[in-house]
Amino acid sequence: MGYGRSSRIRTCDPLLPKQVRYRAALYSDVGAGIASALANRKKLYKGEYSSRHAIRGAAPAMKLGLKTAMIPVDGAAQPAARCLEDGGLVAFPTETVYGLGADATNSRAVARLYEAKGRPSFNPLIAHVSDLQAARQIARFDDRSLRLAEAFWPGPLTLVLPKATGCPVSDLATAGLETIAVRIPAHPAARDILRAFGKPVVAPSANLSGHVSPTTAAHVLGDLDGRIDLIVDGGPVSVGVESTIVGCFETPLLLRPGGLPREEIEQVLGEKLARIPDDGGKADAQPLAPGMLASHYAPRTTVRLNAATLERGEALLAFGPHLIPGSDQAIVMNLSEAGVLVEAAANLFGYLRDLDAKGPRAIAVMPIPHDGLGEAINDRLQRAAIPRS
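Treat the numbers as computed from the prediction; the structure is a model and nothing was measured. (Residues numbered from 1 in each chain as written. Predicted model: local features only at pLDDT ≥ 70, side-chain atom pairs only at ≥ 80, totals over all residues. Heavy atoms only, no water.)

Draft legend 1. A look at the overall build of the protein. Looking only at helices and strands, the protein has 14 helices and 18 strands in total. Burial status across the protein gives 57% buried among its 389 residues. Excluding contacts between residues fewer than 6 apart, the proportion of contacts in the protein whose partners are at least 24 apart in sequence is 66%. For the protein, the accessible area works out to roughly 16,200 Å², and carbon and sulfur atoms hold 49% of it. (Helix = DSSP H or I, 4+ residues; strand = E, 2+ residues; numbered from the N terminus. Buried < 20%, exposed > 50% of the residue type's maximum accessible area, 1.4 Å probe, protein only. Contact = heavy atoms within 4.5 Å. Areas by Shrake-Rupley, 256 points an atom, 1.4 Å probe, with all protein chains shown as cover.)

Shown next, in the form of structure tokens:
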């Protein structure tokens, strides 16, 4: 994409009939163009396009020809915040690597993020906030974690903490766990976007899952062009490796080495960081945060997969417009009556919790396709169905 005065910057919402094009002198008036292009996206997330545009097994934006816009870092905060508010995906620079941001409180936006990255499972994501006050709205701090936050935030340190009461971050973003990974980035562009948005933003590295983490906007474009809405070009990042992750448990754990040396963390704590227990061989091992293996969320109630009929005393976790025999007398929650996997992913953890709380003999789950986000949904359900000792 050219950056000169004669270049055209393109943004295209999948619901717009034609590309929105506008001439830009070094990206001037980009925010206004993006706001116009995103106007129809609000209709999508309000459901106005559900009957005409719903595509079974895929996030609508990716299947309808999304065009990725790139804008310079100067003046990017407001258009980026508007895009996030409308459920869009925004790649932006942090001091570590480029992050792919989504509204952490919007399960549908988080589901789109998983799909854009091609993640095969719903691993927990790091919630990025603008300051310590915002962090305390989503996580509980003790004396040790507060010392670390005050010493190293903003900066390349992520803390895994207990969720605060009333934490608004979606269960999909935390993989249904009672802990949350939190960071305050130091990059001024990231902090400007977070302040303008005013809510937590989950932001894993802005690359396809399994690819090298991106340190420039060009890296992001190479991986995610056509998969995300917006890239904020802030030039090369300064650190180039992901944040260090520390689990603030009874024994502080180094969950992932990163941009902050462990020695500096230990100096503030006054004690050594423990290493992650080696439970990689366990069938149900699942990251509690990037870099840590721990038990995933599972309901207390037995989960029965690929149910073709409903047995007496079971509740039904349904998918699609056609229910299985026996459901007329049962408690039923439908992940997506339209059979849309992005909607099913957004509802998965909440519906499992709700059915579990009702105390059925078992939760029967209807078959769910394995394509697209279906792979991650089925992975999570299979883990939930593993018998507990």
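Draft legend 2. The environment of N306, seen in detail. Along the chain, the position of N306 falls in the loop between β15 (302–304) and β16 (314–318). For N306, a relative accessible area of 51% corresponds to the exposed category. The sequence separation of N306 and I368 amounts to 62 residues, and the corresponding C-alpha distance is 7.7 Å. Excluding residues that lie within four positions of it along the chain, N306 makes contacts with V365, M366 and P367.

Draft legend 3. Here's a closer look at the sheet that holds strand β7 (residues 157–162). Pairing is mixed across the open sheet formed by 10 strands, whose spatial order is β3-β10-β4-β5-β9-β6-β8-β7-β11-β12. Among the strands making up the open sheet, the edge pair consists of β3 (69–72) and β12 (253–256). Bridge analysis of β3 against strand β10 (residues 230–233) gives four bridges, and the strand direction is parallel. Bridged to I71 within β10 is V232. Each of β7 and β11 (244–247) touches helix α8 (residues 143–152); the most contacted strand, β7, lies at about 155 degrees to it. (Pairing = 2+ DSSP bridges. Axes fitted to C-alpha atoms, helices over the stretch in contact; angles between N-to-C directions.)

Draft legend 4. Structural view of the layout of surface pockets. Considering only enclosed or pocket space, the largest pocket measures out at about 270 Å³ in volume. For the lining of the largest pocket, the per-class residue count stands at eight nonpolar, 10 polar and five charged. (1 Å grid on protein atoms, 1.4 Å probe; cavity = no way out; pocket = protein on both sides within 12 Å on 5 of 7 lines; lining within 4 Å. Points joined across faces, edges and corners; volume = space filled by probe spheres on them. Nonpolar A, V, L, I, M, F, W, Y, C, P; charged D, E, K, R; others polar.)

Draft legend 5. Fine view of the side chain of D103. Tracing the sequence through the fold places D103 in strand β5 (residues 98–103). Side-chain polar atoms of D103 contact the side chain of K199, separated by 3.1 Å. The contacts of D103, once residues within four sequence positions are left out, are L84, A109, V110, F197, K199 and P200. (Polar contact = N/O pair within 3.5 Å; in protein donor to acceptor, adjacent residues only side chain to side chain.)

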